[in-house]
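Letter by letter, the chains look like this.
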Amino acid sequence: LFPSAEVRFTRPVGLLRDLTETEPGLTVVILDIAINETQREQILSKMGELSKSGEVIYVDHHPLPYRMLKRDIPATTVAHEVGPSAAELTFRLFRNGLRPDHELLAIWGAIADYCEQTPFVQNGLGKYDRRTVYMEAGLLSQAIGEAGGDYEFKRTVVEALSRLTPPTKIPDLVRRAIEATEQELELYSYVRSNVERMGPLAVVRQLPRGSLGKAAMFAVGLTGAEVGLCARRSGDEIDISLRRRRDSAVDLNEVLRRIV
């Protein structure tokens, strides 16, 4: 839909900076980036400014900040819903301008984000061979995770997917996915040897490398704890990731709001 777009990769803590660096009068499409609660007012203000001179399209599936409603987002177009993946929401928003085959991108994205139980995805899976779809989604997710800050590779992936090139046909993607899987096996072994059970918590204090989120998930699975917490120190900062057991009623979003 936007063949000449500049593709940037960011995360919630970088969204305000990226919006501040964006020239007015452009079309800005923000996909799958939650609004950082500590910068909420500044982010909304900047969105409002950019919406007056251009177009701002905001698509996301993360819970909104405390006491914030969808209508509070001053974007030109807002597609927000908790439950479906951002990939599904994006396809549903733009489907009139896309080919039917682009539905596969939404399905791959939903599977990679563990959001494939929606009626949209389940209906779509009925049109394809599930084993092939899950294989492609797994390879795509693993390779992107392995790429980390290699944004040039990620832009290559975006460009290829826009042309409906399957992940197995994207150069270097399969190799990266295999390496990521090998690293994940090492990560699982590390968590098994270093996880601490503290009541309902399973804690991995200093993960040397690898995905914090997956390590927290492994911690839950290995110990049966209700919540897994994995941390990594970097200078004066500590990054943490939390995952809960599937049957847990703990609201981690509410817990983190109280912590910060």
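Residues numbered from 1 in each chain as written. Predicted model: local features only at pLDDT ≥ 70, side-chain atom pairs only at ≥ 80, totals over all residues. Heavy atoms only, no water.

Peer 1: Where do I start with the packing of helix H6 (residues 130-147) against helix H8 (residues 173-194) in this structure?
Peer 2: Angle between the axes and distance between the axes are the two parameters that describe a pair of packed helices. Two elements in contact, H6 and H8, have axes separated by 7 Å at closest approach and are oriented at 75°. Put simply, H6 runs roughly perpendicular to H8. Residue-level contacts link Leu 139, Leu 140, Gln 142, Ala 143, Glu 146 and Ala 147 of H6 to Leu 173, Val 174, Arg 176, Ala 177, Glu 179, Ala 180, Thr 181, Gln 183 and Glu 184 of H8. Classifying every residue of the contact of H6 with H8 gives eight nonpolar, three polar and four charged. (Axes fitted to C-alpha atoms, helices over the stretch in contact; angles between N-to-C directions. Helix = DSSP H or I, 4+ residues; strand = E, 2+ residues; numbered from the N terminus. Parallel < 35°, antiparallel > 145°, perpendicular 65-115°, else oblique. Contact = heavy atoms within 4.5 Å. Nonpolar A, V, L, I, M, F, W, Y, C, P; charged D, E, K, R; others polar.)

Peer 1: Just to check I follow, could you spell out the sheet that holds strand S7 (residues 237-244) for this structure?
Peer 2: Strands pair in a sheet through their backbones, by hydrogen bonds, and they do so in one of two ways: parallel or antiparallel. Here four strands make up an open sheet; going across it, the order is S4-S5-S6-S7 and the pairing mixed. If you trace the sheet from one side to the other, it starts and ends with strand S4 (196-198) and S7, each paired once. Ignoring strand direction, the axes of neighbouring strands in this sheet form an average angle of 25°. With eight bridges connecting them, strand S6 (residues 227-234) and S7 associate as antiparallel partners. Directly across from Gly 228, in S7, lies its bridge partner Arg 243. (Pairing = 2+ DSSP bridges.)

Peer 1: When you look at the packing of aromatic side chains in this model, what are you seeing that I'm missing?
Peer 2: In this description, a pair of aromatic rings is defined by centroid distance and the angle of the planes. Under the counting rule described, the total for this entry stands at four aromatic pairs. On the numbers, 6.1 Å between centres and 80° between planes, the contact of Phe 2 with Phe 94 is edge-to-face. Residue Phe 2 is located in the segment before helix H1 (12-20), and its partner Phe 94 is located in helix H3 (residues 86-94); the two are separated by 92 residues in the primary sequence. Residue class for Phe 2 comes out partly exposed when judged on its relative accessible area of 40%. Classification of Phe 94 by relative accessible area gives buried; the value is 16%. Measuring from ring centre to ring centre gives 5.7 Å for Phe 91 and Phe 120, while their planes differ by 40°; the resulting arrangement is tilted. Note that Phe 91 is positioned in helix H3 and Phe 120 in helix H5 (residues 119-125), a separation of 29 residues in sequence. (Phe/Tyr/Trp six-rings, centres within 6.5 Å; stacked < 30°, edge-to-face > 60°. Buried < 20%, exposed > 50% of the residue type's maximum accessible area, 1.4 Å probe, protein only.)

Peer 1: Would you mind showing me how to read the pattern of salt bridges here?
Peer 2: Opposite charge on two side chains permits them to pair, given that their charged atoms come into close proximity. On inspection of all chains with the given rule, the structure shows 20 salt bridges. When the shortest N-O distance is used, the salt bridge between Arg 92 and Glu 88 registers 2.7 Å. Note that Arg 92 and Glu 88 are positioned in helix H3 at a spacing of four residues, about one turn of the helix. On the accessibility criterion, Arg 92 (33% relative accessible area) is partly exposed. Across the pair Glu 159 and Arg 163 runs a salt bridge whose closest N-O atoms are separated by 3.2 Å. Among the residues examined, Glu 159 registers a relative accessible area of 42% and is labelled partly exposed. (Salt bridge = Lys/Arg side-chain N within 4 Å of Asp/Glu carboxyl O.)

Peer 1: Help me understand the pairing of S6, please; the structure alone is not making it clear to me.
Peer 2: Along any regular strand the residues' side chains alternate between the sheet's two faces. In terms of strand pairing, strand S5 (residues 201-204) meets S6 through four bridges, oriented parallel. Considered in S6, the bridge of Ala 202 is made with Gly 228. Regarding topology, helix H9 (residues 212-223) serves as the crossover connection from S5 to the parallel S6, and that connection is right-handed. Connecting S6 to the next strand, S7, in antiparallel fashion are two residues, including Gly 235 with a positive phi near 65°. (Right-handed = clockwise from strand over helix to strand, strands pointing away.)

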